[in-house]
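Examining the three-dimensional arrangement
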Amino acid sequence: MDHEKQGRVHPRVADLKNKFLKGEVDRREFLRTTTLLGLSAAAAYSFTDTFSNELPSLISSAEAATPKKGGTIRCAMQVQDMSDPAVYDWVEKSNVTRQMAEYLTITGSDNVTRPYLAEKWVPSDDLKTWTFHIRKGVKFGNGDELTADDVIVNIKRWLDPNVGSSMVGMLNTMLKEEDGKDKDGKAIKVKRMIEGSVEKVDTYTVRIHLNSPDLSIPEKMYHYPAVIMHRSFAEKGANITKTPDLGTGPYTLAEFRVGEIAILKRRGGGFKYWGEDPLLDEIHYIDTGQDSAASLAALASGQVDTMYVLDLTLLGAAETMPGVKVHEVTTAQTGCMRIQAERAPYKDIRVRQAMQLAADNEQMLKTAHQGRGMVAENHHVCGCQPDYAPLPKIKRNVGKAKQLLADAGHGGGLDITCNVGNTNGQWETDQVIVLKQNLAEAGINVNVNVMPAAQYWDVWDKADFSLTVWTHRPLGTMLLGVAYRTGVPWNEAKYSSKEFDDLLTQAESTVDINKRHKIMAKVEKRLQDDAIMIQPYFRSVMTAASDKVQNLGIHPTNYHQWNKVWIDS
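Scope of this entry: the structure provided in the associated data block.

A few points about the overall build of the protein chain
Looking only at helices and strands, one finds 18 helices and 22 strands in the protein chain. For 569 residues, the compact-globule estimate of 2.2 N^0.38 gives 25 Å, and the C-alpha radius of gyration of the protein chain, at 24 Å, lies within 12% of that figure. Principal-axis analysis of the C-alpha atoms gives the protein chain an extent of 75 × 60 × 60 Å. Accessible surface, the protein chain as shown: approximately 22,800 Å² in total, 48% of it carbon and sulfur. With 68 positive and 72 negative side-chain charges, the protein chain shows a spacing of 3 Å between the two charge centroids.

Observations concerning the layout of surface pockets
Counted as a void, the second largest pocket has a volume near 1,200 Å³. Around the second largest pocket, the lining is made up of 29 residues, and of these Asp182, Ile188, Lys189, Gly487 and Pro489 lie nearest the centre. Those elements giving two or more residues to the lining of the second largest pocket turn out to be β6 (175-181) and β7 (187-193). Ranked by the residues each element gives to the lining of the second largest pocket, the list is headed by β7, at 5 residues.

A short note on the pattern of salt bridges
Evaluation of the coordinates by the stated rule reveals 37 salt bridges. In this structure, arginine 485 engages glutamate 508 in a salt bridge whose closest nitrogen and oxygen atoms are separated by 3.0 Å. Taken together, the residues span a long stretch of sequence, with arginine 485 in the loop between α16 (476-483) and α17 (498-509) and glutamate 508 in helix α17 at a distance of 23 residues. Each member of the pair, arginine 485 as well as glutamate 508, carries the same accessibility label: buried. Shared partners join several salt bridges into a network, and the residues in it are Glu29, Arg32, Glu219 and Arg516.

Re helix α18 (residues 513-530)
For α18, spanning 18 residues, the distance from its first C-alpha to its last is 26 Å, which sits close to the expected 26 Å at 1.5 Å a residue. When α18 is considered as a whole, its buried residues turn out to be Ile513, Arg516, Ile519, Met520, Val523, Glu524, Arg526, Leu527, Gln528 and Asp530. Immediately downstream of α18, the backbone of alanine 531 shows phi near 50 degrees, a positive value.

Some points on the packing of helix α12 (residues 361-368) against helix α14 (residues 427-440)
Axis separation between α12 and α14 bottoms out at 9 Å; the angle between their running directions is 140 degrees. Relative to α14, the element α12 is oriented oblique. Considering how the two elements wind past one another, α12 and α14 form a crossing that is right-handed. Contact residues: Gln363, Met364, Thr367 and Ala368 in α12; Trp427, Asp430, Gln431, Val434, Leu435 and Asn438 in α14. Grouping the constituent residues of the contact of α12 with α14 by class yields 5 nonpolar, 4 polar and 1 charged.

Quick notes on unusual backbone geometry
Excluding glycine, residues mostly carry a negative phi; peptide bonds, for their part, are mostly trans. In this structure, proline 345 follows alanine 344 across a cis peptide bond, with omega equal to 0 degrees. Looking at the element boundaries, proline 345 is found in the loop between β14 (324-339) and α11 (349-358). Of note in the backbone geometry, asparagine 422 takes a positive phi value of approximately 50 degrees without being a glycine. One can find asparagine 422 in the loop between β16 (414-420) and α14.

Thoughts on the pairing of β7
As defined by bridge partners, β6 adjoins β7 across 7 bridges and the pair is classed as antiparallel. Within the sheet, the bridge partner assigned to glutamate 177 lies in β7 and is lysine 191.

Considerations on the sheet that holds strand β9 (residues 205-209)
Spatial ordering of the open sheet is given by β4-β5-β9-β8, a layout of 4 strands whose pairing is antiparallel. Looking along the sheet, the strands with just one partner apiece sit at the ends: β4 (118-123) and β8 (198-202). Taken pair by pair, the neighbouring strands of this sheet meet at an average axis angle of 20 degrees, ignoring direction. Across 4 bridges, the pairing between β8 and β9 is antiparallel.

A look at helix α9 (residues 292-300)
What α9 keeps buried is the set Ser292, Ser295, Leu296, Ala298 and Leu299. Projected down its long axis, α9 shows its buried positions confined to an angular sector of 155 degrees, all on one face. Buried residues along α9 sit against β1 (72-76), β13 (306-307), α10 (315-319), β14 and β20 (537-546). Capping the start of α9, aspartate 291 holds a side-chain oxygen 2.9 Å from the backbone nitrogen of alanine 293, two or three residues further along. Just past α9, the residue glycine 302 takes up positive phi, approximately 85 degrees.

Rules used throughout
- In this numbering scheme, every chain counts its residues from 1 along its sequence in written order.
- Two thresholds apply to this predicted model, a pLDDT of at least 70 for residue-level local features and 80 or more for giving and counting side-chain atom pairs, whereas whole-chain, interface and lining totals are computed over all residues.
- Heavy atoms throughout the structure, all of them, feed into the side-chain values; hydrogens and water do not.
- What counts as a helix is a DSSP run of H or I of at least four residues, what counts as a strand is a run of E of at least two, and both are numbered from the N terminus.
- When we talk radius of gyration, it's over C-alpha atoms, and the globule rule is simply 2.2 Å times the number of residues to the 0.38.
- Residue-level accessible areas treat just the shown protein chains as cover; the underlying method is Shrake-Rupley with a 1.4 Å probe.
- When charges are counted, neither His nor the chain ends are considered; positive counts come from Lys and Arg and negative counts from Asp and Glu.
- A charge is said to be at NZ when it belongs to Lys, at CZ for Arg, at CG for Asp and at CD for Glu.
- Here a cavity is any set of points on a 1 Å grid over the protein atoms alone where a 1.4 Å probe fits but cannot get out, and a pocket is any open set with protein on both sides within 12 Å along at least 5 of 7 lines; a residue lines the site when it has an atom within 4 Å of a point.
- Grid points are joined across faces, edges and corners, and a volume is the space filled by probe spheres set on the points.
- Salt bridges are counted wherever a side-chain nitrogen of Lys or Arg sits within 4 Å of a carboxyl oxygen of Asp or Glu.
- Relative accessibility thresholds used throughout: buried, under 20% of the residue-type maximum; exposed, over 50%; partly exposed, between the two (1.4 Å probe, protein chains only).
- In this analysis, the expected span of each helix is defined as 1.5 Å times one less than the number of residues it contains.
- Comment: axis = line fitted to C-alpha atoms, over the contacting stretch for helices; angle = value between 0 and 180 degrees taken between N-to-C directions.
- Angles below 35 degrees are treated as roughly parallel, those above 145 as roughly antiparallel, those between 65 and 115 as roughly perpendicular, and all remaining angles as oblique.
- Put simply, a crossing is left-handed when the front helix is turned counterclockwise from the back one by less than a right angle, and right-handed when it is turned clockwise.
- Any pair of residues with heavy atoms lying within 4.5 Å of one another is described as a contacting pair.
- Amino acids outside the nonpolar list (Ala, Val, Leu, Ile, Met, Phe, Trp, Tyr, Cys, Pro) and the charged list (Asp, Glu, Lys, Arg) are all regarded as polar, and Gly is one of them.
- A pair of strands counts as paired when DSSP detects no fewer than two bridges linking them.
- Directions pointing from the helix axis toward each C-beta atom define the arc.
- Side-chain atoms alone can form a polar contact between residues adjacent in sequence; in general such a contact is a pair of N or O atoms within 3.5 Å, and within protein one must be able to donate a hydrogen while the other accepts it.

Any link to function would need more than the numbers given here.
Structure, rendered in structure tokens:
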């Protein structure tokens with residue numbers, strides 16, 4: 001195919017270079033977009049470093065130190081029941097798995113996506129065809145070589161409606177909708193992969209065909225369920241804890257007990273890792289329970305070296321703890337209080353609009369999250385994501401909220417319940433309590449139903465009104481595709497809007513940044529106007545670690561990319 005010619009650079013890269021030089025594209029957007037179009041990260045950074053006044057980007061403090069090989073890192077983190085990566089719904093599961101198995105691409109903490117198991121990708125001019133060149137010589141733990149067959153088997157599994165992977169929302173442009181039935185025999189619409197949308201070109205080349213352009217395909221290949229497993233994984237029970245040798249990562253699972261411990265050790269038996277060898281010999285995940293205080297106590301006593309997340313209530317204690325360093329990053333993580341609009345009383349949009357108008361998003365950020373983060377606008381796209389489009393600010397208006405409620409027949413007051421599971425910390429309940437106070441001013445009484453975290457996940461997509469924690473994605477469109485596109489598995493609001501779906505597809509396919517922002521403004525406004533969520537703020541996340549741990553950093557999605565982490569003993 002033409003786009004496969006040797007040395008070809010996607011034609012839109014030249015346009016982006018011109019726009020960067022004219023100041024029409026900022027550095028962040030230039031790096032992200034040109035690398036998605038196939039330019040190497042080194043070349044993209046080199047261009048911006050040459051033509052900007054900023055310091056070179058590829059020199060880090062970690063490179064100035066001398067890494068030491070060997071040792072063990074011990075991390076306090078919940079050790080959850082896990083089996084099939086394709087259906088993962090917690091980042092913690094993926095952190096154990098990502099040491100054993102890997103992805104076609106990798107998105108770093110700088111939001112730039114780079115080659116991983118795919119040594120490169122090449123998009124067609126119209127972004128409807130993507131060719132992934134699989135790295136040669138990559139071996140699974142069982143000794144088999146990674147080939148195009150493995151990649152194709154995984155993509156087909158992700159898009160099989162019987163599997164239930166959230167990748168269905170990511171790869172919507174490979175799907176068609178057809179009539180089907182649910183488990184009770186009820187007629188429903190089912191999304192299935194279009195025949196021929198994934199093609200084996202040769203042993204090390206896979207081509208994906210889309211029904212509409214999508215710039216973010218490489219980023220979507222690093223969504224945490226998009227793990228590339230051996231082609232026999234499903235036949236052998238689809239349980240990575242029992243078949244850790246079916247991944248390509250440098251570690252294997254030596255010990256695993258739910259709620260207790262996961263021990264990963266460097267693969268033995270002559271296994272030759274395809275990449276640069278990781279520095280650590282072992283990674284131990286130790287479950288200290290859901291209480292972050294127990295994790296911090298374990299860090300203070302030297303039982304662990306780091307922790308998954310540092311709860312806000314413990315920040316002051318961690319900052320004054322000798323030998324401990326706090327890491328913080330601004331993210332698109334959030335606690336979204338979504339509403340199922342097809343159920344009473346929320347079926348009346350005036351009720352939902354009244355809730356939004358009475359809510360004080362800024363107060364929720366200040367009170368529930370100590371102001372660490374940024375105020376949001378009830379559409380789930382963050383200012384730290386490059387596709388965010390600013391909208392006119394909507395001021396809180398309790399008087400108008402009361403009028404809307406009266407018009408909806410609730411002038412005498414309204415009782416509702418909001419479920420919260422504190423799956424990421426006490427701040428979730430604190431947020432709902434502030435909302436309760438806000439809505440009380442308009443005559444709405446919110447019953448706060450605090451549930452154990454494990455029980456919350458039994459109802460998260462079933463209850464009328466709930467707070468669910470959503471993690472960071474590099475792009476707003478990635479999150480919206482997973483959470484709000486019609487019929488996708490993680491659409492907990494049961495939202496369905498053809499206008500929204502069409503606009504989102506347009507945004508995904510538009511490379512021109514100014515045009516994309518205009519479309520995203522419509523996407524965000526559609527969600528805001530339909531009032532299906534109170535999404536008050538995006539939050540910063542933190543972790544703490546012993547100062548012996550080097551080159552740790554923190555990824556905005558809490559991904560543990562630890563191949564270059566080392567212990568200074």
